[in-house]
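Reading the structure
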Amino acid sequence: MTPRRRHIAHLHLHARLSEEQYAHIIELMSDITPHVQAVPPDAVQLDLTSALRYFDLSPYEAVHMVKMRLTALYGIDSSAGLAGNRMLAAMAADASAPAATTWVPAERAAQWLAPRPLAALPGVGRGTAATLGKYGLHTIGQIADLPPATLQRLLGSAQARLLAERARGHDPRPVVPAEPAEHLSADHVLDRDCLDPAGQHRAVLGLADRLGQLLRAQDRVAGRLTLTVRYADRSSTTRTRALPESTGHSPALAGTALALLAGLGLQRARVRAFSVRADGLRPADTAHLQLSLDPGADRARAVEAAADRARRRFGPGAVRPGTLAGAGPGPASVTGC
């Protein structure tokens, strides 16, 4: 049986991205294909093979759709490479002009690679290029045409074998989504010291809401929250509390986070930054949800799910809690490790 031909896209994002913005883009790409690999800080790779049939698009049309979504939702221009494996896709993206897409079909890969300089091939540094250049070898095509025994004498067997495979356009590596983070954290660094309890309340509420969005996007729940407050004198206070039940529901996370804040009794403390961290992460379908006779709880979760769908479609700022309206931009950064 002939193996199915793969279609890999590599996109360079022409923007300076925060960790939070980059996480949003990875989430957006995951709506198109589950096979998304982050290439920080400003690139991403997608295996579009299974998505082509679902969307009934050609590979080039699928890449164009991805780029259109990036522009429409985030105002980000991108250049792209499209090929049959990760290496060729990345090289094609490097060769693309801004906003352009370079497609290297499998049947033309050798022809496309042949005239390119050795330095364009991944893994070929200055030392290797200089060594091969002494023997008149300057292009990828010359390496592909070289007898294996000759290349081994110049570089050694292991390096020669790898270089020969790459020069022929071979790369068996799959696109591998990142492993789920062991914890998620959201940070908010204030523009100036905050003495206002209402402002501190809004900052922590916004962080809890953002953590809830990330947990639900990953179909995960958290069992514990940690609040860290950093002050103007560079000291800090940290408090941790277990959640009543593992959850990704923003109001439940906010209730615990705000209880931690109230327990600190900050009053007029000069606060410089907040951080809320979610630990004890687990798949949402393994968590036991407490039964409730309150129909409002089900309505709240339905509204939350609708808001998440709106954010995925129109961007992270499309829906915000009413208590955060007019509060300015959201958390400065969101990280997982």
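Along each chain, numbering runs from 1 in the same order as the chain's sequence is written. Given that this is a predicted model, residues contribute local features only at a pLDDT of at least 70 and side-chain atom pairs are listed and counted only at 80 or more, while totals for whole chains, interfaces and linings are drawn from all residues. Values reported for side chains reflect all heavy atoms of the structure, with hydrogen atoms and water molecules removed beforehand.

Side note on the pairing of strand E9 (residues 271–279)
Working note: regular strand, side chains alternate between the two faces of the sheet. Using a 1.4 Å probe on the protein chains alone, a residue whose accessible area is under 20% of its type maximum counts as buried, one over 50% counts as exposed, and one in between counts as partly exposed. Strands here are runs of E lasting at least two residues and helices are runs of H or I lasting at least four, both read from the DSSP assignment and numbered beginning at the N terminus. Burial runs high along E9: seven of the nine residues are buried. Strand pairing requires that DSSP identify at least two bridges connecting the strands. Examined bridge by bridge, strand E7 (residues 220–231) and E9 share eight bridges and lie antiparallel to one another. Paired with Arg230 across the bridge in E9 is Ala273.

Quick notes on the nonpolar core
By nonpolar core we mean a set of buried residues, namely Ala, Val, Leu, Ile, Met, Phe, Trp, Tyr and Cys, connected to one another through side-chain atoms within 4.5 Å. By size, the foremost hydrophobic cluster in this structure holds 32 residues, and its most contacted members are Val204, Leu225, Leu227, Val229, Leu266, Val271 and Phe274. Contributing elements (two or more residues each) for this core: strand E6 (184–194), helix H10 (197–217), E7, helix H11 (250–264) and E9. Once residues within four sequence positions are removed from consideration, Phe274 is found in contact with Ala186, Asp187, His188, Leu190, Gln200, Ala203, Val204, Leu207, Leu227, Thr228, Val229 and Leu261. One finds Ala83, Leu137, Ala160 and Ala164 within the second-largest nonpolar core, a separate group that totals 26 residues. Only heavy atoms enter the contact rule, under which two residues are in contact if any of them lie within 4.5 Å.

Structural notes on the environment of Leu13
Positionally, Leu13 belongs in strand E1 (residues 8–13). The exposure class assigned to Leu13 is buried, which follows from its relative accessible area of 3%. In the structure, Leu13 is positioned twelve residues away from Ile25 in sequence and 9.9 Å away in space, judged by C-alpha atoms.

Observations regarding the pattern of salt bridges
Criterion for a salt bridge: a side-chain nitrogen of Lys or Arg within 4 Å of a carboxyl oxygen of Asp or Glu. Tallied over the full model, the rule gives five salt bridges. Notably, a salt bridge pairs Arg272 with Asp193, separated by 2.6 Å at the nearest N-O pair. With Arg272 in strand E9 and Asp193 in strand E6, this pair connects stretches of sequence that are 79 residues apart. Among the charged side chains, a salt-bridge network with shared partners connects Asp193, Arg270 and Arg272.

Here's the deal with the packing of H10 against H11
Across the interface, H10 lies against H11 with an axial gap of 8 Å and an inter-helix angle of 145 degrees. Crossing of H10 over H11 shows right-handed handedness. For the pair H10 and H11, the contacting residues are Gln200, His201, Val204, Leu205, Ala208, Asp209, Leu211, Gly212, Gln213, Leu215 and Arg216 in the first and Ser250, Leu253, Ala254, Ala257, Leu258 and Leu261 in the second. Of the residues in the contact of H10 with H11, the class split is ten nonpolar, five polar and two charged. Angular values range over 0 to 180 degrees, each being the angle between N-to-C directions of two axes fitted as lines to C-alpha atoms, with helices fitted over their stretch in contact. The crossing is said to be left-handed when, going from far helix to near helix, the turn is anticlockwise and less than a right angle, and right-handed when the turn is clockwise. Under the grouping applied here, Gly and all other residues not named as nonpolar or charged are polar, the nonpolar ones being Ala, Val, Leu, Ile, Met, Phe, Trp, Tyr, Cys and Pro and the charged ones Asp, Glu, Lys and Arg.

Section: unusual backbone geometry
For the bond from Pro40 to Pro41, the omega torsion is 5 degrees, close enough to zero to count as cis. For Pro41, the position within the fold is in the loop between strand E2 (36–39) and strand E3 (43–47). The backbone of Ala99 sits at a positive phi, close to 75 degrees, despite the residue not being glycine. Mapped onto the fold, Ala99 is located in the loop between helix H4 (86–95) and strand E5 (101–103). With a phi angle near 75 degrees, Arg234 is a residue other than glycine that sits in the positive phi range. Its place among the elements puts Arg234 in the loop between E7 and strand E8 (236–247).

Read these as geometric descriptors, not functional statements.
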